[in-house]
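# Overview (structure and organization)
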Amino acid sequence: MLSQVRFAIFALIAGAVSIGRAQAAEPSVAFQRDIKPLLARRCFSCHGPNKHEGGLRLDKPEGAVAELDSGKHAIVPKNVDESELVARVTAADESERMPPEGKALTPAEVDALKRWIASGAKYEKHWAFVPPERHAPPEVTNKDWAQNPIDAFVLANLEQNGMEAAPPADRRTLARRAYFGVTGLPPTNEQLQAFLDDASDDAWPRLVDSLLASSHFGEQWARHWLDLVRFAETNSFERDGLKPNAWKYRDYVIRSFNDDKPYDQFVREQLAGDELEHVTDDSMIATGYYRLGTWDDEPADPLQARFDDFDDVVSTTSQVFLGLTVGCARCHDHKIDPIPQTDYYGLLAFFADITPYADVSERDPDRFSQWDMSKPEDRAHRAELHSSEDKIGKEMHAIEEVGVARMSAGEQEIARTPDRSRLIQEKLQQHLNESEWAQWQDSSKRFSAVQEEIKKLPPPEAALALAKCNPRPEETHILMRGNAHVPGDVVEPHFPAICGDEAPKISLAAADAHSSGRRRVLADWMVSPRNILTARVIVNRVWQHYFGRGLVRTANNFGELGTPPTHPELLDYLALWLVDHNWQLKPLHRLILTSNAYRMSDAGNSQALATDPTNDLLWRFDMRRLSAEEIHDAALVASGEFNPKMFGQGYYPKLAQEVLATQSRPGNGWGKSPRDDRSRRSIYMHVKRSLLPPLLTAFDFPDVDATCEARFVTTQPAQALALLHGDFLNDQASKLATRVEKEAGSDLKAQIAESIRLGLDRPASDEEIAEGLDFLNRLTSQCGQKSTEALKYWCLTVLNLNEFVYLD
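Computed from a prediction, not measured in an experiment: that's the story for all the values here. Position numbers for residues count from 1 along each chain, tracking the sequence in the order it is written. Per-residue local features are limited, in this predicted model, to residues with pLDDT of at least 70; the limit for side-chain atom pairs, both in listing and counting, is 80 or more; totals at the level of whole chains, interfaces and linings are taken over all residues. Side-chain measures here rest on the full set of heavy atoms in the structure, leaving out hydrogens and waters.

## Side note on the packing of aromatic side chains
- Each pair of aromatic rings taken from Phe, Tyr and Trp, with Trp reduced to its six-membered ring, is defined by centres within 6.5 Å and is described as stacked if the planes are under 30 degrees apart, edge-to-face if over 60, and tilted in the remaining cases. Going through the model one piece at a time under the given rule, you end up with 33 aromatic pairs.
- Seen from their ring centres, tyrosine 249 and tyrosine 252 are 6.1 Å apart, and the 45° between their planes marks the pair as tilted. In this pair, tyrosine 249 and tyrosine 252 are both assigned in helix H11 (residues 247-258), three residues apart and thus about one turn of the helix distant. Judged on exposure class, the residue tyrosine 249 and its partner tyrosine 252 are both buried.
- Ring centres of tryptophan 437 and tryptophan 440 lie 5.2 Å apart, and the angle between their planes is 10°; on these two criteria the pair is classed as stacked. Linking tryptophan 437 with tryptophan 440, this pair stays in helix H20 (residues 434-456), spanning three residues, or about one helical turn.
- Ring-pair connections join several aromatic residues into one group, and the members of that group are Trp225, Phe231, Tyr249, Tyr252, Phe257, Tyr263, Phe266, Tyr289, Tyr290, Phe321, Phe351 and Trp583.
- In our convention, an over-ring charge means Lys NZ or Arg CZ found within 6 Å of a ring centre and within 35 degrees of that ring's normal. Above the face of the tyrosine 289 ring, arginine 230 is positioned so that its terminal group lies 5.3 Å from the ring centre.
- For lysine 243, the ring lying beneath its charged end belongs to tyrosine 357, and the centroid distance is 4.3 Å. Note on conventions: DSSP H or I runs of at least 4 residues are helices, E runs of at least 2 residues are strands, and numbering of each starts at the N terminus. Think of it in three bands: with a 1.4 Å probe and only protein chains considered, a residue is buried below 20% of the maximum accessible area for its type, exposed above 50%, and partly exposed in between.

The structure is reproduced here in structure tokens:
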């Protein structure tokens, strides 16, 4: 056991390419699965969208068969011998062999190219740009194993490749896997024992149902969603100012998942919650999605910064909901996917009514980004006052512009910066005539009076949201090379052409409307039955978080440079199944959890490892490391410190002075929370972009400035240091030792057994108890530690074991 104290480093096994797998059992070759990834990886850099060396372009079918500069043809469909591509990739002379850099193609890759050319060298439309097809679960030989449609699809692939599924995991392993996967928390000893003692046939599905009904379900799955939408509670950049009430968006997501809100409604609320037939506080809070990104409160180029903010929305929305990298077409047509620059700006046009997070001259997000949730009459009065404030403010601005136009060029430049107010106070009167100055003073007095009235109102209950929009936004132009100062042609809101839908007809909104109505059109299209991507993307994400990777590994990129699905028919089946089941996600979770595919062990066998070392065929369950938050929360549960309180403002974890010193103003914006609050789940931690807790970052907490499709799973020294020397784990080890002494008494054997039971959810072995006794004895007799300190270090050892950090 002590040999496990060090945090083990697991090497990644470099696997053979998929096209080399079990060729004898796979007589055909598929362009999208086998050939396109190979060409993209080894050929496109010289013969793709950007370069056409030798006159060869392999990313387009017409380019692949065209005559080369040499007069030959790289590909002659159905004629391998006449195809120069084959001759060059198999050339014995290295100066002739392609590709010129890196290793030569493997025999399996060459064979795949030959078989593809021999079959006609057909370029197929990219799989993601073809509507999902309905597939019946395939027939399999081992019908007893395939009790679930998922199992039929998985087993059919295994049987085709002459493989078998791994045996089922033992009940303890399976229960821990499900508890962490569904709720993000370990089972209590009582919960685990109840399941182990339940011999009924429906013990497993009943456990699944109870976990899906747990309020902790929403907390776990909200954390996955927050990764996608770049959730944070501050703005980044130098000041990294607070986003007031951002935590209400986090709570909205938790409630939505716990309530099993249909995913199509969940999408509509976030994209257009302010434009629905029935606008509610929840639907308004959902529009906080648009306010979660970074915001520069002092941009060098305000107009360019404005379009950078639009780009954040376009890129995040297209990746999160559609699995498309539309952001790559901001400056030019997409280099790989059929997404022209016009489609980027056509999508941006849907968001044109979104106001900035705040006016950079004020740096106050209240008007644009804080939705008033007060009583209707108070809200109406406040809105009336703010309307007057806006009207008078425009009057003042118009007069100010008259004066600014008469100032020097340098002063005119200052008028476009946050120093405008100082300039107006010092210089405006000098550049206005008496009538103009009197008019400005009158407006200024009325403006101040309205502001005083607003201050007298009771403070509103507010939420981060689209509080103010522009119902009649300016025209959207293509920006040449993405430069906001070089507008090109006007574009209207329209959907990406690859989706095959006509541009919508959107009526002009009333001048006094809250918004333009464009985002509602986009949201409705996003979850319409016609949309070929949305359902696929979300079912892939659910699968990813249960199996460690999606059926499509590049979960934010279903485009042509993304990885193709390992089980395309299963992906389509699940996508259509979700839509058929009213877009509700909990039934999908249940379908996955009750499959035999999910219940497999991680046991290996030599044949399967040789055939499919990367487990693309899902012949076993992949072991996984707990996430940063799961490690944190599991330590709280083990120590008995866990506070299950849900919702509300986030807490500030305790940070070392050395960490706080990394800020330009050490400690600025970081509060002190009581210990009870700091014992809540990590999803309730305050997320400050410039000050992420080291324990979380050591274990691959994501960059919160952009959408994160899947976290890295690294193994590096800082993790061992955080677990063995970090304040948090040492503190929890002390609390665990106190709990052990209280529950096990003074008997050392009982203490060792209890620490393992609480930390690892299982009984201690005789060998572990012997090792523990030796550990405690050496600390007290050789190192002079008191018994309480020795027990603390033993508990710290338990919390550092691989078994605590990894799940089978």
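## Side note on unusual backbone geometry
- Omega for the bond connecting methionine 98 with proline 99 falls within 30 degrees of zero, at -5°, which places this linkage in the cis form.
- Residue position: proline 99 is located in the loop between helix H4 (84-89) and helix H5 (107-118).
- Even without being a glycine, leucine 618 presents a positive backbone phi close to 60°.
- Taking relative accessible area as the criterion, leucine 618 reaches 6% and is therefore assigned buried.

## With respect to the domain arrangement of the chain
- Note that the domain bounds reflect an automated or database-derived domain assignment. If you check the domain split of the chain, you get domain 1 (31-123), domain 2 (171-213), domain 3 (374-460) and domain 4 (727-807).
- Spacing between the C-alpha centres of domain 1 and domain 4 amounts to 61 Å.

## Digging into the state of the cysteines
- What counts as a disulfide here is a pair of cysteine sulfur atoms lying within 2.5 Å. Counted according to the given criterion, the structure contains zero disulfides.
- Left without a disulfide partner, cysteine 708 is nearest to the cysteine sulfur of cysteine 328, which lies 17 Å away.
- On the basis of relative accessibility, which here comes to 13%, the residue cysteine 708 falls in the buried class.

## Concerning helix H6 (residues 149-160)
- Look at H6: 17 Å from first C-alpha to last across 12 residues, which is about the 16 Å you get at 1.5 Å a residue.
- Most of H6 sits out of view: nine of its 12 residues are buried.
- When we look at burial in H6, the residues that qualify are Ile150, Asp151, Ala152, Phe153, Val154, Leu155, Ala156, Asn157 and Leu158.
- Residue contacts are defined here by distance: any two heavy atoms, one from each residue, within 4.5 Å place the two residues in contact. Buried residues along H6 sit in contact with helix H22 (534-547), helix H23 (568-580) and helix H24 (585-593).
- Side-chain atoms alone can form a polar contact between residues adjacent in sequence; in general such a contact is a pair of N or O atoms within 3.5 Å, and within protein one must be able to donate a hydrogen while the other accepts it. In this structure asparagine 148 caps H6, since a side-chain oxygen of it lies 2.8 Å from the backbone nitrogen of isoleucine 150.
- Positioned one or two residues after H6, glycine 162 has a phi angle of 70°, which is positive. Take the number of residues in a helix, subtract one, and multiply by 1.5 Å to get its expected span.

## Describing the confidence of the model for the chain
- Per-residue confidence for the chain gives a mean pLDDT of 91; residues scoring 70 or more make up 97%.
- pLDDT: the predictor's confidence for each residue, scored from 0 to 100. Low confidence marks residues 1-27, where pLDDT is under 50. Its contacts with residues over four positions away, or in another chain, come to 64 contacts.

## Description of the side chain of lysine 243
- Mapping lysine 243 onto the fold places it in the loop between helix H10 (215-228) and H11.
- In this tally, Asp and Glu contribute negative charge and Lys and Arg positive charge; neither His nor the terminal groups of the chain are included. Every case where a carboxyl oxygen of Asp or Glu lies within 4 Å of a side-chain nitrogen of Lys or Arg is listed as a salt bridge. Within the buried core, lysine 243 has no salt-bridge partner, and the shortest N-O distance to an opposite charge, that of aspartate 240, equals 8.1 Å.
- In this structure the side chain of lysine 243 is engaged in a polar contact, spanning 2.8 Å, whose partner is the backbone oxygen of arginine 291.
- Ignoring sequence-local partners within four residues, the contact set of lysine 243 consists of Ala232, Glu233, Thr234, Asn235, Arg291, Leu292, Gly293, Tyr357, Leu464 and Arg689.

## Here we look at the environment of tryptophan 371
- By the secondary structure assignment, tryptophan 371 is in strand S1 (residues 370-372).
- Expressed as a C-alpha distance, the spacing of tryptophan 371 and serine 787, which sit 416 residues apart in the sequence, is 56 Å.
- Filtering out sequence-adjacent residues up to four positions away, tryptophan 371 remains in contact with Asp281, Met284, Arg379, Glu461, Ala462, Ala463, Ala465 and Ala467.

## A closer look at the nonpolar core
- We define a nonpolar core as any set of buried Ala, Val, Leu, Ile, Met, Phe, Trp, Tyr and Cys residues linked to one another through side-chain atoms lying within 4.5 Å. The biggest cluster of nonpolar side chains holds 176 residues, and the ones touching the most others in it are Trp225, Tyr249 and Leu574.
- Counting contributing residues per domain, this core is built from domain 2 (171-213) and domain 4 (727-807), each supplying no fewer than three.
- Setting aside chain neighbours within four positions, we find tryptophan 225 in contact with Tyr249, Val253, Phe257, Tyr263, Phe266, Gln270, Val320, Phe321 and Ile538.
- Grouped together as the second largest cluster of nonpolar side chains are 25 residues, Val29, Leu39, Leu68 and Val86 included.

## Overview of the packing of H23 against H24
- Two elements in contact, H23 and H24, have axes whose closest approach is 9 Å; the angle formed by their N-to-C orientations is 140°. With respect to H24, the element H23 is oriented oblique. Judged by the twist between their axes, the crossing of H23 over H24 is right-handed. Residues Leu574, Trp577 and Leu578 of H23 form the contact with H24, whose participating residues are Leu585, Pro587, Leu588 and Leu591.
- Gly counts as polar in this scheme, as do all residues outside two lists: the nonpolar Ala, Val, Leu, Ile, Met, Phe, Trp, Tyr, Cys and Pro, and the charged Asp, Glu, Lys and Arg. Of the residues assigned to the contact of H23 with H24, the class counts are seven nonpolar, no polar and no charged. Note on geometry: axes are C-alpha line fits, over the in-contact stretch for helices, and angles between N-to-C directions span 0 to 180 degrees. Each angle gets one of four labels, with under 35 degrees taken as roughly parallel, over 145 as roughly antiparallel, 65 to 115 as roughly perpendicular, and the rest as oblique. For a crossing to be left-handed, the near helix must be turned anticlockwise from the far one by less than a right angle; the clockwise case is right-handed.

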